[in-house]
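Letter by letter, the chains look like this.
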Amino acid sequence: MKKVTGILGIALFLIFIVTPAVNAAELPKVIKIGGQGITSGSKADYGHQMIMGAQLAVEEINNSGGILGSKVQMKFMDSELKAAVATKNARYLVKDWGAHFLFGIDSSGISMALAAIMPQLDRILIICHGATHKVNEEAIYKKGLRNTFRISVPTYQDGILPAMIFKDRPEIKRIASLAAAYSYGYDSWEMFEKTLKKYRPDVEVVGKAEAPFLHMDFTPQLNALMAAKPNLILATPWGGEGLMMLRQAILLGLFEQPWFKVWFQCMGGSIDMAEGLTPDVKSGKFHGKLWATARYLWNWPDTPRNKAFVAKFREKFGRFPNYSAINVHTAIYAFKKAVEQTKSLDTQKLIKALEGMKVQAPDGERWIRPEDHQACYTVPGGNYVYDKSVCPNAFLGNLVVVPWEKYFRNPPDYKLP
Amino acid sequence: MGNFIFQALNGLSSAMFLWLVAAGLTVAFGICGILNVAHGSLYMMGAYFAFTSFQILGLNFWLSIVFALIGAGIIGFLMERFFLRRIYAQPIEFQLILTFAFILVFDNLTKMIWGTMLIIPTMPSLFQGTIPIVGRPFPIYNLFIIFAGLALGLIVWGILYKTWWGKKLRAAASEREMANAIGINIPTLFTAAFVFAALLAAIGGALSTPVRVCDSGVGGAVIIPAFVVTVIGGLGSLKGAFVGALIIGVISALCTLYIPFIELFILYLIMAVVLIIRPQGLFGGEV
């Protein structure tokens, strides 16, 4: 009997130690991850930062033994910020190239388009930049398109956070919008206006202007808004367009007007904008009135982990990491963690593993909310400052930290906070 | 009323950029018969050359414009002499394919040479600041653009209508075989006309650098409104390009002030109405 028990014990032990090996052996020698983002035109830096973040993550993972022994191989494509191109890329990456996982995406429209086709492709997509709340609230939560996740903050950051910051500034009574004429711009403004009016019914909308994608001359829009003398303008055109717009606002003398108090540039804390704005911030052309946020700020939080990431990134690429870089980096690590937990590349198992996952990003823990696959974490807002001893570029200082719990909308009713 | 005047002035400065691009487009089509969809790329190259000479080589603003003109002129010459000349007799589809290929070539060329990062030249000190117009600060540079656009319009008109060379160009445009028969060297003349069109695009690009960024996608962004302008004014008509640019620039600015959410709709509606009522454009057929 003892002999039988001993044999059974050895058999169970062998099963116990062999099982992981068997599951891990199901993994291919190379795990392919496919990314896409904008790498051409006036917003190209967002895609290039994604490539940098992905390269860093892949290098780190492969140097430390890969994912359960499998090496990671990455391919990145230019989405051209076009839904048709991004859809074609996604199909190519999965069907032809054999990607096991997709990441990236800069635009709200593309995010919605890809969320719709991911179940057909039977892969997971982690969005790292595209911001519309319709992805998490409608596509994922209501329609059940559960192959898609988002590791970056949604438009709550662009619309609700600034309202929370400026609701306590009584001198801001007249507000105006200069919106990117697509989902991101409209959603951000709607959230901002509704939230601010909820706390400050005395606030009046005095102007609304909008600019289509790839717009170059914002002077008519700026003049139209200036005629209404707003105290605050919330602006959503981003990247190169955002820079042109701010430059034209300086030319028009907007920041010198005594009635004008705040320009909130929703994603103005991105590195390409910081680099581009440096000469003007340095020479005081914004008079301290330029505020912004982003989907990650390299100078927050002031933790050893974040500092180490920024230092490593700068050493490798010679630049500060933008949010698109860190979000891609974090997305790849979230995928790695999911594969390690499930020891599988089965999409349904990976979805379950990612739902509710707490993943460590350089800026702290991000919780992937299981209901709508939205990563929850805090990013502050701040105003542009220049301090050579801190950074060669302008950066967001005087940071106002509002915990994400205070400004994220939540399932099931997704009410304003 | 003050807002109206101020916004109309802004529309006028936007119109001048449109005019310079549309003028080149219409010269290339009206004289050489080339529908050059890569015309925006010549604008882009002008911007990059001006940036390089002003910001990198440290030349002054005026010299940087000259540098941009020389660079774009050489490119225009090479395009016409070695590529476009071979397809004059071919159907227009060949022109579209070839010139579209040029867009891709120039976009990638700029990425290889200048990288994909945004390039943001600084405003020359001469043009920094504003002057009050109807009680509001109007950028000096925008005012300069209005005068520069009008002056260039006069120069172009003078060249085409008051010089012997201009007369030859117009003769060749209206009756190529007859002009050839009376001894006008058509191939050389067409090369010169195409270079002239390239110079107009390049000067638009060079003048845009202090207020706009340089990037590899800017050519595509400028060509669409330029086509709208030429469709309204009449492809091949300089007068049409000028009037079309004024219509689009000023109406766009005023719509932004009064009815911002249908601004684009109004612009394309104007184009659609012109196409229905007068398919050849307001001044179509005039060179």
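Caption draft 1: Region of interest: the side chain of B:Ser237. As for its placement among the helices and strands, B:Ser237 is situated in the loop between helix H9 (218-233) and helix H10 (238-258). On the accessibility criterion, B:Ser237 (1% relative accessible area) is buried.

Caption draft 2: View of the sheet that holds strand S2 (residues 71-78) of chain A. Residues and elements named next belong to chain A. Strand order across the open sheet formed by five strands is S2-S1-S3-S4-S5, with parallel pairing between neighbours. At either end of the open sheet lies a strand with only one pairing partner, and these are S2 and strand S5 (148-150). Each strand of the sheet is rotated relative to its neighbour by a mean of 20°, with strand direction disregarded. Along the sheet, helix H13 (residues 347-354) contacts strand S4 (124-127) and S5; its crossing angle with S4, the most-contacted strand, is approximately 35°.

Caption draft 3: Here's a closer look at the interface of chain B and chain A. Counting from both sides, the interface comprises 37 residues of chain B and, opposite them, 34 residues of chain A. Each partner contributes to the roughly 2800 Å² buried at the junction of chain B and chain A, and carbon and sulfur atoms together form 63% of this total. Our count for the contact surface shared by chain B and chain A stands at one salt bridge. The closest approach of N and O atoms between B:Arg212 and A:Asp217, which form a salt bridge, is 4.0 Å. Summed over the shared surface of chain B and chain A, the number is six residue pairs in polar contact (both at pLDDT 80 or more).

Caption draft 4: Region of the structure containing the sheet that holds strand S7 (residues 204-211) of chain A. All names here are of chain A. Here seven strands make up an open sheet; going across it, the order is S7-S6-S8-S9-S10-S14-S15 and the pairing mixed. Looking at the sheet topology across the chains shown, the edges are occupied by S7 and strand S15 (395-400). Sheet twist, expressed as the mean angle between neighbouring strand axes with direction ignored, is 25°. Of the strand pairs in this sheet, strand S6 (residues 174-180) and strand S8 (residues 232-235) are connected by four bridges, and their pairing is parallel. Residue Leu178 lies in a different strand from S8, and its bridge partner there is Ala235. Lying on the sheet, helix H6 (residues 156-166) is in contact with S8, strand S9 (262-265), strand S10 (290-292), strand S14 (381-385) and S15; it crosses S9 at an angle near 155°. This element, helix H8 (residues 219-227), spans S6, S7, S8 and S9 of the sheet and lies at about 175° to S7.

Each value, and the rule that gives it
- Numbering of residues begins from 1 in every chain and follows the order in which that chain's sequence is written.
- Whichever chain is written first is A, and whichever ligand is written first is 1; the rest continue in order.
- Per-residue local features are limited, in this predicted model, to residues with pLDDT of at least 70; the limit for side-chain atom pairs, both in listing and counting, is 80 or more; totals at the level of whole chains, interfaces and linings are taken over all residues.
- Where side-chain values are given, they derive from all heavy atoms of the structure, hydrogens and water being excluded.
- In this text, helices come from DSSP runs of H or I with a minimum length of four residues, and strands from runs of E with a minimum of two, each type numbered from the N-terminal end.
- Per-residue accessibility, obtained with a 1.4 Å probe over protein chains only, is compared with the maximum for each type, and a residue is labelled buried under 20%, exposed over 50%, and partly exposed between these values.
- When DSSP finds two or more bridges between a pair of strands, those strands are recorded as paired.
- Axis definition: a line fitted to C-alpha atoms, over the contacting stretch in the case of helices. Angles run 0 to 180 degrees between N-to-C directions.
- Here, residues are in contact when the closest pair of their heavy atoms is within 4.5 Å.
- In this description, buried area is defined as the sum, over both parts, of the accessible area (probe of 1.4 Å) that is lost when the two are combined.
- Between Lys or Arg on one side and Asp or Glu on the other, a salt bridge is scored when a side-chain nitrogen of the former is within 4 Å of a carboxyl oxygen of the latter.
- Distance and chemistry together define a polar contact, namely a pair of N or O atoms within 3.5 Å, with one atom able to donate a hydrogen and the other to accept it when in protein, and with adjacent residues in sequence counting only for side-chain atoms on both sides.

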